[in-house]
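Structural features, examined
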Amino acid sequence: MTAQRRVVAEVLDGEHVHLTADEVHARAVAKLPEISRATVYNTLGELVTLGEVLEVATDKRAKRYDPNAHRPHHHLVCARCGAIRDVHPSGNPLADLPDSERFGFTVSDVEVTYRGLCPNCAAA
């Protein structure tokens, strides 16, 4: 693993980390000043292709990168500031879709996004 890839992986490490590519770049530069924006974008793309990182798009905001790619989860998104949290509700949303609503599809995946206001925005 190159120094640049290692730094990108370190920046993404942690729970509830959902950074934009620019945020990843800014944090990576603090650790490795010579890392380029192109290298960060390319590395993120490779990590997504490898299934090590999820690309999360919420509304018209910048894509975010979620390192929690190996544990099934959903997202809770603040409608005002865009903060994202991973959530792990019980149940199986795939099983909750009745056959009559599948319209012949063979459903293989579900993405659930809960929206609301985070505590900081709700208090403002």
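Residues numbered from 1 in each chain as written. Predicted model: local features only at pLDDT ≥ 70, side-chain atom pairs only at ≥ 80, totals over all residues. Heavy atoms only, no water.

Within helix α1 (residues 3-12) the residues assigned to the buried category are Val7, Val8, Val11 and Leu12. The arc that holds the buried residues of α1, viewed along the axis, is 135°, so those residues lie on one side. The inward-facing, buried residues of α1 contact β1 (19-20), α2 (21-31), α3 (37-49) and β3 (64-66). Where α1 terminates, the next one or two residues include Gly14, which has phi positive at roughly 135°. (Buried < 20%, exposed > 50% of the residue type's maximum accessible area, 1.4 Å probe, protein only. Helix = DSSP H or I, 4+ residues; strand = E, 2+ residues; numbered from the N terminus. Arc of directions from axis to C-beta. Contact = heavy atoms within 4.5 Å.)

Attention now moves to the sheet that holds strand β5 (residues 84-87). An order of β5-β4-β6 is seen for the three strands of this open sheet, with the pairing classed as mixed. Of all strands in the sheet, those with a lone pairing partner are β5 and β6 (113-116), marking the two edges. Strand-to-strand twist in this sheet, taken as the mean axis angle between neighbours without regard to direction, amounts to 25°. Here strand β4 (residues 74-78) pairs with β6 via four bridges, running parallel. Paired with Cys78 across the two strands is Gly116, which belongs to β6. (Pairing = 2+ DSSP bridges. Axes fitted to C-alpha atoms, helices over the stretch in contact; angles between N-to-C directions.)

A few words on the pattern of salt bridges. Tallying each qualifying case throughout the model produces seven salt bridges. A salt bridge links Glu55 to Lys63; the shortest N-O distance between them is 3.8 Å. Judged by relative accessible area, Glu55 falls into the partly exposed class, the value being 41%. We classify Lys63 as partly exposed; its relative accessible area is 45%. Salt bridges sharing partners connect three or more residues here, namely Arg6, Glu10 and Lys31. (Salt bridge = Lys/Arg side-chain N within 4 Å of Asp/Glu carboxyl O.)

The strand order β1-β3-β2 describes an open sheet built from three strands, whose pairing is antiparallel. Among the strands making up the open sheet, the edge pair consists of β1 and β2 (54-56). Inspection of the sheet shows β2 paired to β3 by three bridges, in the antiparallel sense. Across the sheet, the residue bridging to Leu54 is Asp66, located in β3.

Moving on: the UniProt feature "binding site: Zn(2+)" (unreviewed entry) in the protein. The UniProt feature table records "binding site: Zn(2+)" (unreviewed entry) at Cys78, Cys81, Cys118 and Cys121. Spanning 44 residues, the named residues form one tight spatial group whose C-alpha atoms are at most 8.1 Å apart. Relative to the helices and strands, Cys118 is located in the loop between β6 and α4 (119-123). Excluding residues that lie within four positions of it along the chain, Cys118 makes contacts with Cys78 and Cys81. For Cys121, the location among the structural elements is in helix α4. The buried category is assigned to Cys121, whose relative accessible area is 10%. (UniProt positions renumbered as here; feature names shortened; annotations may be inferred.)

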